[in-house]
Amino acid sequence: MNYQIQNAVVIGSGTMGAALAAHFANAGVPVTLLDIVPKDAPAGDKAARDKIVTEGWDRCLKAKPANLMSSDLTTLVKLGNLEDDFGAVAEADWVLAAIVENLKVKQDLMKRIDDVRKPAGIVSTNTSGIPVKDIADGRSKEFKQHFLGTHFFNPPRYLKLLEIIPIPETSKEVIDFVGYFGEQRLGKGVVLCKDTPNFIGNRVAFGTGVFALAYILKNGYSVDEVDLITGPLMGRPKTATFRLIDLVGVDVWEHVGRNLAPLVRHDKLAVKYLEADAPMDLIGRMVERGWLGNKTKVGFYKEVPVDGKKEFWPLDLGSMQHVAPTKPRFESVGKARDVTELGERLKILLTENDKAAQLAQALTYQSFQYVSTLLPEIADSPKPIDDAVRWGFQHELGPFETWDMLGVAETVKQMKAAGYAPAKWVEAMLKSGAETFYQYTRGEKTGVYDVARQKYVKLKQPEGLIVLKGKKVISRNAGATLFDIGEDVALVEFHTKMNTLDDDIFKLVTEALDRVEKDFAGLVIGNQAENFSAGANLFMVVVAAQQGMWDTLDGAVRKLQNLNMRMRYLSKPVVVAPAGLALGGGCEVVMHAARVVAAAETYIGLVELAAGVIPAGAGTKEMLRRIVNPAMKTDNAEVLLHLQRAFLQMGQAKVATSAEEARQMNILGAGDRVVMNRAQLLTEAKREALHMSACGYHPPAPELIYAAGRDMLGALRVGAFMFEEGRYISEHDAYIAGKLAYVMCGGDLTQPGWVSEQYFLDLEREAFLSLCGEEKTQARMWSILQTGKPLRN
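Owing to the predicted nature of the structure, the values given are computational and were not obtained by experimental measurement.

Draft legend 1. The environment of Y3, seen in detail. Note on placement: Y3 falls in the segment before β1 (8-11). Since its relative accessible area comes to 14%, Y3 is described here as buried. As a C-alpha pair, Y3 and I122 span 119 residues in sequence and 8.8 Å in three-dimensional space. Apart from residues lying up to four places away in sequence, Y3 is in contact with A120, I122, H146, E173, V174 and F177. A polar contact is formed between the side chain of Y3 and the side chain of H146, at a distance of 3.0 Å.

Written out as structure tokens, the structure reads:
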């Protein structure tokens, strides 16, 4: 039987259920969100009967960060209740229950679904602890064949992990399809799990987390000390330890921990700390006081207003009072902080002996010990555990990957010396001659040690997946690399810091365009780093400006303009594949592609005004072409509203918070594609380049741009003046806005008309250079470089 998901139903409009409905909408799937009818709701009053689901959805829409990728997607979501609208379940291709963690309630709901489910309808339960097989107990054979656990991590838009937990009766075809749909449409990293307590992600998290909490309390660490050490320094997200518990919810932490303990009596390492008095007492007291974390604005951190600004005060674990934050300093942290490679940072922390290093050592060695004891109970090999930790908790590497990087045999000696001996199979593996948990070929993992089989098994490589590390290098310099990625497609990868644009990148892209015109079917510009490009090299710009190197600056701006225009009119398709940050000049590169294939989580915008200048790499011209031109091709159209829209978007340095929102802002076009799974971005970009080539691609004809002239220039300047008078913007903001308005209107033209793209490029460049000469602009640039924050001077 072939499966498809043309519509879905999510039952339960709590934090997770509503966010799951939003994520189905993000994937373009029409979804109905259902919840119970309030006990006091009168018959026939639909609004009253939908009150619970409506309130849940409203909370979802107001949540920060946003669950929906675009406000346009709300039309894909319908709301209803479990009495009047249960018929939606009978029509659904996938019914996902995200309701209270109560076995009887879940079983009762499954019975109702079983009675109406259509033959090919897939049913799943989003549970984190209850055995999935128990939830399906008593259901029909056909139901069980189409039933499985699907444990999404919250918030599902941002956390990649999806644990799939089949029961013995689940059809292999259903398992494979849900895995495929999860990866391709929902953008997930799928881990197939055994039906064991808390599955993989939460089992590892709580087995290591409860140890960490006990160790921290026993050894007198403060909240801000711990979060300094256990964040990016150790390859973990900025939420570190205590910010993570606040994010998850202190009450959720307590609930999961209490439920897990009786289910894992055999897990001596976990139970010892799950039932330890000190951490249980601390968490219990916080729950009693209503200190539940982010949702109550007080937990291990408390939001405190100070001089009109928000500060987050950490909890003193001794006095149970929130105190002003400090800046802890440790010698080992100072040595490790600026080291780029995670392995080298950890090696420093594991060899030093101050308080910070001791915490890093305990947490690292205990995590290695603990995960080793979980095999083969929760997984047969290290890979599912590593995937779950990376995707579910945003660690740079999983524990076994980190262990490999540090050296397995040497680390085992250190673990034993520190009192954290690994499971016996690890030493047996080493004695057999296997020195690492993974097999590697040219730095890529090709095999993994299977504990049950006691040998390496080959890792399946997704068909067609592009990994740049193994691709043929055509040319390279300090700023970028040109690859041959096969099938007559070339690829340019930037690799400066934050992929900022510099002369090396300009040279390499120019070479790439030359080669592609002669030897390739198309070009992709993209990478597998965290961000596409943070824009121009601001340090180079401000230093050149302060030293009066105007010819150098003028040349750099011309290069970016010329490069973007050449890409736009190249005879072969140039596909740009952004992900993460694509700001300023990076955004301008994206907008000059023949086609954009963007990761869903792309944060893109023309932010130059925050640095005291205007978009000058053809960005201002391009926003006029995209927003103003289409409107002015209609007879008797009024230009002001469209000019204002583009003016405010650039003037306020707006950044789209997703690729879909970028489409709303006209940064992406209707024909550009959005890819949910970041790992498949370059693969899809290559496919798009080949498709365009095969369809006989040719570049667009040069386009004239509408210049609105001095009347509209006056209107925009009046708008900026009113903002300044209302103290919404500073005097320098207004000055920059005036420069932007001048460029956007084509200068002080007496009559509106259509002019060449080059006309606007010259205006952009002149305005940019003049603003670089302003002291206040230079101060803004230095503020961004030194603090990462714009200066409102």
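Structure shown, so let's carry the discussion forward.
Draft legend 2. Geometry of the packing of helix α27 (residues 640-651) against helix α31 (residues 731-744). Contact pair α27 / α31: the axes reach a minimum separation of 11 Å and the direction vectors enclose 140 degrees. One way to sum up the angle between α27 and α31 is to call them oblique. The crossing of α27 and α31 is right-handed. On α31, the residues that touch L643, A646, F647, M650 and G651 of α27 are A737, L740, A741 and M744. Of the residues assigned to the contact of α27 with α31, the class counts are eight nonpolar, one polar and no charged.

Draft legend 3. Main features of the packing of aromatic side chains. Taken as a whole and judged by the stated rule, the model has 26 aromatic pairs. Sitting over the face of the ring of Y221, K355 holds its NZ or CZ atom 4.9 Å from the ring centroid. Note that K445 overlies the ring of Y438, its terminal NZ or CZ placed 5.2 Å from the centroid.

Draft legend 4. Region of the structure containing unusual backbone geometry. The peptide bond linking N154 to P155 adopts the cis configuration, its omega dihedral lying at 0 degrees. Going from L375 to P376, the amide bond is cis rather than trans, its omega being 5 degrees. For P376, the position within the fold is in the loop between α17 (355-373) and α18 (382-393). Of note, A618 is a non-glycine position whose phi angle comes to about 85 degrees, a positive value.

Draft legend 5. Spatial organisation of a nonpolar patch on the surface. Together, L648, F723 and Y728 give the surface a local cluster of nonpolar side chains, amounting to about 320 Å² of exposed area. In this fold, F723 is placed in helix α30 (residues 710-725). Residue F723 is classed as partly exposed on the basis of its relative accessible area of 37%.

Draft legend 6. Representation of the packing of α17 against helix α20 (residues 408-418) within the structure. At their nearest, the axes of α17 and α20 sit 10 Å apart, and the two run at 105 degrees to each other. With respect to each other, α17 and α20 are oriented roughly perpendicular. Between α17 and α20, the residues in contact are Y365, F368 and Q369 and T411, Q414, M415 and A418, respectively. Looking at the contact of α17 with α20 residue by residue, the classes come out as four nonpolar, three polar and no charged.

Draft legend 7. Quick look at the sheet that holds strand β9 (residues 301-306). On the basis of which strands lie adjacent, the open sheet formed by three strands has the order β9-β10-β11 and antiparallel pairing. Single-partner strands in this sheet number two, and they are β9 and β11 (321-322). In the sheet, β9 pairs with strand β10 (residues 309-316) via six bridges, with the strands oriented antiparallel. Within β10, the position partnered with E303 by the bridge is F312.

Draft legend 8. Quick peek at α18. For α18, built from twelve residues, the straight-helix expectation of 16 Å at 1.5 Å per residue is met to within 8% by its first-to-last C-alpha distance of 16 Å. With respect to burial, α18 is a largely interior element, eleven of its twelve residues being buried. Turning to α18, its buried residues number three or more, namely P382, P384, I385, D386, D387, A388, V389, R390, W391, G392 and F393. After α18 finishes, the residue Q394 shows a positive phi value of roughly 60 degrees.

Definitions and cut-offs
Think of each chain on its own: its residues are numbered from 1, step by step along the sequence as written. Totals for whole chains, interfaces and linings use all residues, but because this is a predicted model, local features are given only for residues with pLDDT of at least 70 and pairs of side-chain atoms are given and counted only at 80 or more. Note: side-chain values were computed over all heavy atoms of the structure, leaving out hydrogens and water. Numbered from the N terminus, helices here are DSSP runs of H or I no shorter than four residues, and strands are runs of E no shorter than two. Exposed residues in this analysis have more than 50% of their type's maximum accessible area, buried residues have under 20%, and partly exposed residues fall in between, with area computed by a 1.4 Å probe over protein chains only. In what follows, a contact means two residues having at least one pair of non-hydrogen atoms within 4.5 Å. A 3.5 Å cut-off defines polar contacts: any pair of N or O atoms within that distance qualifies, except that in protein one atom must be a possible hydrogen donor and the other a possible acceptor, and neighbouring residues in sequence count only when both atoms are side-chain atoms. Axes here refer to lines fitted to C-alpha atoms; in helices the fit is confined to the stretch in contact. Angles between the N-to-C directions go from 0 to 180 degrees. Roughly parallel here means an angle under 35 degrees, roughly antiparallel means over 145, roughly perpendicular means 65 to 115, and every remaining angle is called oblique. For a crossing to be left-handed, the near helix must be turned anticlockwise from the far one by less than a right angle; the clockwise case is right-handed. For this scheme, ten residues count as nonpolar: Ala, Val, Leu, Ile, Met, Phe, Trp, Tyr, Cys and Pro. Four count as charged, namely Asp, Glu, Lys and Arg, and the remainder, Gly too, count as polar. Each aromatic pair joins two rings of Phe, Tyr and Trp (for Trp, the six-membered one) with centres within 6.5 Å, and gets the label stacked for planes under 30 degrees apart, edge-to-face for over 60, and tilted for any other angle. We call a charge positioned over a ring when the NZ of a Lys or the CZ of an Arg lies within 6 Å of the ring centre and within 35 degrees of the ring normal. Only residues above 30% relative accessible area that lack a salt bridge enter a patch, with like-charged residues linked at up to 9 Å and the nonpolar side chains Val, Leu, Ile, Met, Phe, Trp and Tyr linked at up to 5 Å. A 1.4 Å probe and the Shrake-Rupley method give the accessible areas. Residues count as covered only by the protein chains that appear here. Criterion for a salt bridge: a side-chain nitrogen of Lys or Arg within 4 Å of a carboxyl oxygen of Asp or Glu. Here, a strand pair is defined by DSSP locating no fewer than two bridges between the strands. To estimate the expected span of a helix, subtract one from its residue number and multiply by 1.5 Å.

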